[in-house]
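This is what each chain is made of:
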Protein chains: 2
Amino acid sequence: MKKVGIGILGLGTVGGGAYQILTQNHQNILRKENLDLRVIKVLEKAPDIAIKKGVPKDKIAASIDEITSNPDIDIVVEVIGGIEPAKSFIEKCLTSGKHVVTANKELISKHWSELEQIAQKHNKGLYFEASCLGGVPIIRSIIEGMQANNIIELAGIFNGTTNYILTKMSEEDMSYADALAEAQKLGYAEADPTSDVEGYDAMYKLNILSTLAFRKQIPLESIYREGITQITKTDIQSGKELGYTIKLLAIARMYNNSLEVRVHPTFVPDKHPLANVRDSFNAAYLVGNYVGEIMLYGRGAGDLPTGSAIVSDIIYCAHQDNPRYLKFDSKLNDIKLVTDFKSKYYMVLNCADKSGVLAQTAAVLGNNQVSIDSVIQKGKHKEFARVVFLTHKTSELSMKKAIKELKELKVVDSIESVIRVLD
Amino acid sequence: MKKVGIGILGLGTVGGGAYQILTQNHQNILRKENLDLRVIKVLEKAPDIAIKKGVPKDKIAASIDEITSNPDIDIVVEVIGGIEPAKSFIEKCLTSGKHVVTANKELISKHWSELEQIAQKHNKGLYFEASCLGGVPIIRSIIEGMQANNIIELAGIFNGTTNYILTKMSEEDMSYADALAEAQKLGYAEADPTSDVEGYDAMYKLNILSTLAFRKQIPLESIYREGITQITKTDIQSGKELGYTIKLLAIARMYNNSLEVRVHPTFVPDKHPLANVRDSFNAAYLVGNYVGEIMLYGRGAGDLPTGSAIVSDIIYCAHQDNPRYLKFDSKLNDIKLVTDFKSKYYMVLNCADKSGVLAQTAAVLGNNQVSIDSVIQKGKHKEFARVVFLTHKTSELSMKKAIKELKELKVVDSIESVIRVLD
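These lines cover the structure that appears in this document, whether it is placed above or below.

1. Thoughts on the relation of the copies chain A and chain B
(1) Moving on: Mapping chain A onto chain B leaves a residual RMSD of 0.0 Å; the transformation is a rotation of 180° accompanied by 0.0 Å of translation along its axis. Look at the turn and shift together and you get a two-fold axis relating the two. Taking C-alpha positions as reference, the residue of chain A nearest the rotation axis is Leu296(A), located at 2.3 Å.
(2) Moving on: Interface overlap between copies: 100% of the residues of chain A at the interface are likewise at the interface in chain B, consistent with a symmetric, same-surface contact.

2. Focus on the nonpolar core
(1) Moving on: In terms of nonpolar packing, the biggest core is built from 164 residues, with Ile138(A) and Ile138(B) touching the most fellow members.
(2) Moving on: Sequence-distant contacts of Ile138(A), defined by excluding residues within four places in its chain, comprise Glu129(A), Cys132(A), Leu133(A), Leu209(A), Ala284(A), Leu286(A) and Leu296(A).

3. Here we look at the sheet that holds strand 4 (residues 75-78) of chain A
Residue and element names in this part refer to chain A.
(1) Moving on: The sheet built from 6 strands is open, its strands ordered 3-2-1-4-5-6 with parallel pairing. The sheet is open, and its two edges are formed by strand 3 (60-61) and strand 6 (126-127), each paired on a single side.
(2) Moving on: Pairing geometry for strand 4 and strand 5 (residues 99-102), over 4 bridges, is parallel. When the bridges of strand 5 are listed, Val76 appears paired with Val100.
(3) Moving on: Strands strand 1 (2-9) and strand 2 (35-43) of the sheet are contacted by helix 1 (residues 13-24), whose axis makes an angle of about 140° with strand 2.
(4) Moving on: Relative to the sheet, helix 5 (residues 86-95) contacts strand 1, strand 2, strand 4, strand 5 and strand 6, its axis offset from that of strand 5 by approximately 150°.

4. Focus on the pattern of salt bridges
(1) Moving on: Within this structure, the stated rule accounts for 51 salt bridges over all chains.
(2) Moving on: Glu106(A) is paired through a salt bridge with Lys110(A); the nearest N and O atoms lie 2.7 Å apart. Residue Glu106(A) and its partner Lys110(A) are both found in helix 6 (residues 105-121); the two are separated by 4 residues, about one turn of the helix.
(3) Moving on: On the basis of relative accessibility, which here comes to 23%, the residue Glu106(A) falls in the partly exposed class.
(4) Moving on: Note on Lys110(A): relative accessible area 38%, which makes it partly exposed.
(5) Moving on: A salt bridge links Lys401(A) to Glu405(A); the shortest N-O distance between them is 3.8 Å. Taken together, the residues Lys401(A) and Glu405(A), both in helix 15 (residues 396-408) and 4 residues apart, mark about one turn of the helix.
(6) Moving on: You can call Glu405(A) partly exposed: its relative accessible area is 28%.
(7) Moving on: A cluster of three or more residues bridged by salt bridges with shared partners is formed by Glu33(A), Glu144(B), Arg215(B) and Arg324(B).

Definitions and limits used
Residues numbered from 1 in each chain as written. Chains lettered and ligands numbered in written order. Predicted model: local features only at pLDDT ≥ 70, side-chain atom pairs only at ≥ 80, totals over all residues. Heavy atoms only, no water. Least-squares fit on C-alpha atoms with pLDDT ≥ 70 in both. Contact = heavy atoms within 4.5 Å. Core = buried A, V, L, I, M, F, W, Y, C linked by side-chain atoms within 4.5 Å. Buried < 20%, exposed > 50% of the residue type's maximum accessible area, 1.4 Å probe, protein only. Pairing = 2+ DSSP bridges. Helix = DSSP H or I, 4+ residues; strand = E, 2+ residues; numbered from the N terminus. Axes fitted to C-alpha atoms, helices over the stretch in contact; angles between N-to-C directions. Salt bridge = Lys/Arg side-chain N within 4 Å of Asp/Glu carboxyl O.

Encoded structure:
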């Protein structure tokens, strides 16, 4: 039996969940893992919150030094969130000889490489399973389950809030505003929902997971990001008729010598496993060159699901004689990160309702090497004809150029929607 | 960089897949994992098969002793299958100081405990990720990703052949016989399909996975098993109308102080994540007391997917300073394995088409504490009325008793189907 002392920085939602599991499941973990996990100190600037969650008064620390200087603490859990003071605290813990487990996606996305170097220098571990997809063991599956493979594709629903909103819009015919309001009422979305609905949260997770999957540091700036605020009930209805479900997808793909990394609303074919991921659930879909398709599905947020991932990291760390560090694949040093990615597109134009419109718009697409898969003229929006184009796989830049030229056509009143389609 | 010598026992489908990955991906694994994995010897009684798969002549061993006595071999991969000689070979390897990686579900299901003890005695590792769900990292997810949880439920589609057959019957209106013939043509089913269609293959995997998930040795004999050979197109059509998809499910559930473990055809509600697992794909659905629902999905068979799991185990093993052994949860020593499990039922009776039938059949159910959720009398089969009962959750023994009594009723001509419904 191995004794492991734990310090927790922050006792908010996730910290509270981890604390609850560690105390409530102490005996079970002792029996099954042969580990005696004990919370030694909790750093929480609002001690009444910690006391309310059952932390004895003498375990509440007033400063980070009380954690870093305590010789009984082996592993520190950082669940403060944000960049500072979380970053300085983690650095202090690592340099003081503590392993670190964190749920902080923004910090790991922006500063992982720097923190990992500090961890290596001090021969300590830095683990962050809880930073992506809550309780779903996605990082462990990539690092410990798919190692034999070269991963070709990673695609996923990494944000539960937007998935809840899109599910409500799709299944209950709600408007975006109503679905967002309901998500806020249920505590799924924050008062300021920007990070979720504009795709920042999904982007951080995609950054972390694609770095692990491809074994290449992906700069945050190289990720294309687009949120769901422009999606309408009409888009969703049109998608359904064409056999698509709309999802905010995070996608990273390797082909030839290029890697594309992007987050945007996407029409997913109904038979794709990601199409059936509903409500606030998350999922990651991976393709390995040997294993083929893999999908992991589960709760991407919440105190106990995320707490489960934190305690899993604690146990994983405690069993290791030496910390594990990620090696990058030096062969990928010269791989290009492309912003001109390739996709199929769905586009709706509101056009003058007269002859020649189709010829003119199709000509613009053709001149820009955008090849049309199908076109449907259906219904009217005010006095205009709605023309729906589905394209074959085409380049993002070609599409952008075509859109610019289409806007300049006299017969085109407006471009109602442009949504990428998963191929 | 760590040098790791590998011996492979058997170069059939899976052995060939593992050999291909180890040779083809040697440099990538070296760069990313810092491991130099080299196949030293291959034991294959048909050397021409090995040569055809690219194994140099001087690497082909003629006897197990050439493997066990070779000091360059650190890890032996057993992919012969079946009980003997696989079991003796594994024992020899462990006692000779080799770690063992195996894909052998029948052997691990029947003799894991014995082999694990030998492994422990010699301080060697015994790994078997490839024995369940091919390339899906299900064992790693249970052992290294859900450790914080007490697992409450495990349910899954563990056999690709039967899932392919049921998908064809469901989506293309094929008969069981035609779908089986197609599966055989495609190489998904063997000439003698018993192990797949009668549920033995799924039962072995359920035995292994439930032992790991609940941390309690589950005797094979305690698992209820029923195959898919009795399923008809009519059952599938009726299920669809009621919002169910039929699957051969492997289920293990813990409640109060009981554990039930069973494999049988099951109506799965269309919105359940397992309902959308189509074709020859496999999936495991788990519920942890903290993490909630988790599902893993992917290819459950095939040379490269299963080879991917074997090479994953090799890398996992090679990174460990000390082998990992599973601890059972001593608290579960007294847990009862119940055969009288609880389920909802779908039952079709062919009854005389006259008044009083419903009253008589409902009385039998009521007398046996089988509570009716709904009843539909629909269509005729020959001169009989088809009466479809859906029950609330009821005990298997009550249901069996009710069925026996129903058969004795004069108004009941036959019981067309009894299918359990997932709740």
